[in-house]
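# Structural characterization, general
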Amino acid sequence: HCPFVNNCVGQRNYHFFTAFLASTVMLAFSVIAGVGVTISDVAAQDAAHHLSPTTVWILGLAVGVPSGLFGLMVFGFLLYHCSLMLRGKTTKEAWTKKLTW
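The rules we used
Residues numbered from 1 in each chain as written. Predicted model: local features only at pLDDT ≥ 70, side-chain atom pairs only at ≥ 80, totals over all residues. Heavy atoms only, no water. Helix = DSSP H or I, 4+ residues; strand = E, 2+ residues; numbered from the N terminus. Expected span 1.5 Å × (residues − 1). Buried < 20%, exposed > 50% of the residue type's maximum accessible area, 1.4 Å probe, protein only. Contact = heavy atoms within 4.5 Å. Phe/Tyr/Trp six-rings, centres within 6.5 Å; stacked < 30°, edge-to-face > 60°. Axes fitted to C-alpha atoms, helices over the stretch in contact; angles between N-to-C directions. Parallel < 35°, antiparallel > 145°, perpendicular 65-115°, else oblique. Left-handed = near helix turned anticlockwise from the far one by under 90°. Nonpolar A, V, L, I, M, F, W, Y, C, P; charged D, E, K, R; others polar.

Let's shift gears to helix H2 (residues 53-87). In this model H2 runs 49 Å from its N-terminal to its C-terminal C-alpha over 35 residues, within 8% of the 51 Å that 1.5 Å per residue would give. Where H2 is concerned, the buried positions are Val56, Gly60, Gly64, Ser67, Gly68, Gly71, Val74, Leu78, His81 and Leu84. Considering only its buried residues, H2 is in contact with helix H1 (14-44) and helix H3 (91-96). Just past H2, the residue glycine 88 takes up positive phi, approximately 75 degrees.

A few words on the packing of aromatic side chains. What characterises a pair of aromatic rings is the spacing of the ring centres plus the angle enclosed by the ring planes. Taken as a whole, this structure holds one aromatic pair when the rule is applied. Pairing phenylalanine 17 with phenylalanine 77 gives two aromatic rings, centres 6.0 Å apart and planes at 90 degrees, and the pair type is edge-to-face. You can see phenylalanine 17 sitting in helix H1 and its partner phenylalanine 77 sitting in helix H2, a full 60 residues away along the chain. Look at phenylalanine 77 and you get partly exposed, because its relative accessible area is 37%.

Attention shifts here to the packing of H1 against H2. Running from amino to carboxyl end, H1 crosses H2 at an angle of 155 degrees, the nearest separation of the two axes being 8 Å. As judged from the angle between their axes, H1 and H2 are roughly antiparallel. Crossing hand, H1 versus H2: left-handed. Looking at the contact of H1 with H2 residue by residue, the class counts come to 25 nonpolar, nine polar and no charged.

Moving on to the environment of valine 37. Tracing the sequence through the fold places valine 37 in helix H1. Valine 37 sits in the exposed class, given a relative accessible area of 54%. Sequence separation of valine 37 and glycine 60 is 23 residues, and the distance between their C-alpha atoms is 10.0 Å.

We now examine the side chain of serine 67. Take serine 67: it is sitting in helix H2. For serine 67, a relative accessible area of 16% corresponds to the buried category. Among all residues touching serine 67, those that are not within four sequence positions of it are Ala28, Val31 and Ile32.

Written as structure tokens, this is what we have:
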């Protein structure tokens, strides 16, 4: 059961879960891009800003670093689930199968 989509993830709704993961990754990387553009704009001093450059850097790092880490983790999770989809398995099927070395 996935609390984020409020449903059990199985064969019939696996594509919705994968789309949810993909959109979450895109959101995280969009936030990182927005933070990067804002920081580069302030660093170039091209526009009048209401915040000091130090404040923008601190806020940018406080938002950008967690978003980046979260985005990378969810991206790994997305890749894992894409590999499961290509093999035609659900997470439960993959984890309950005995490992063979």
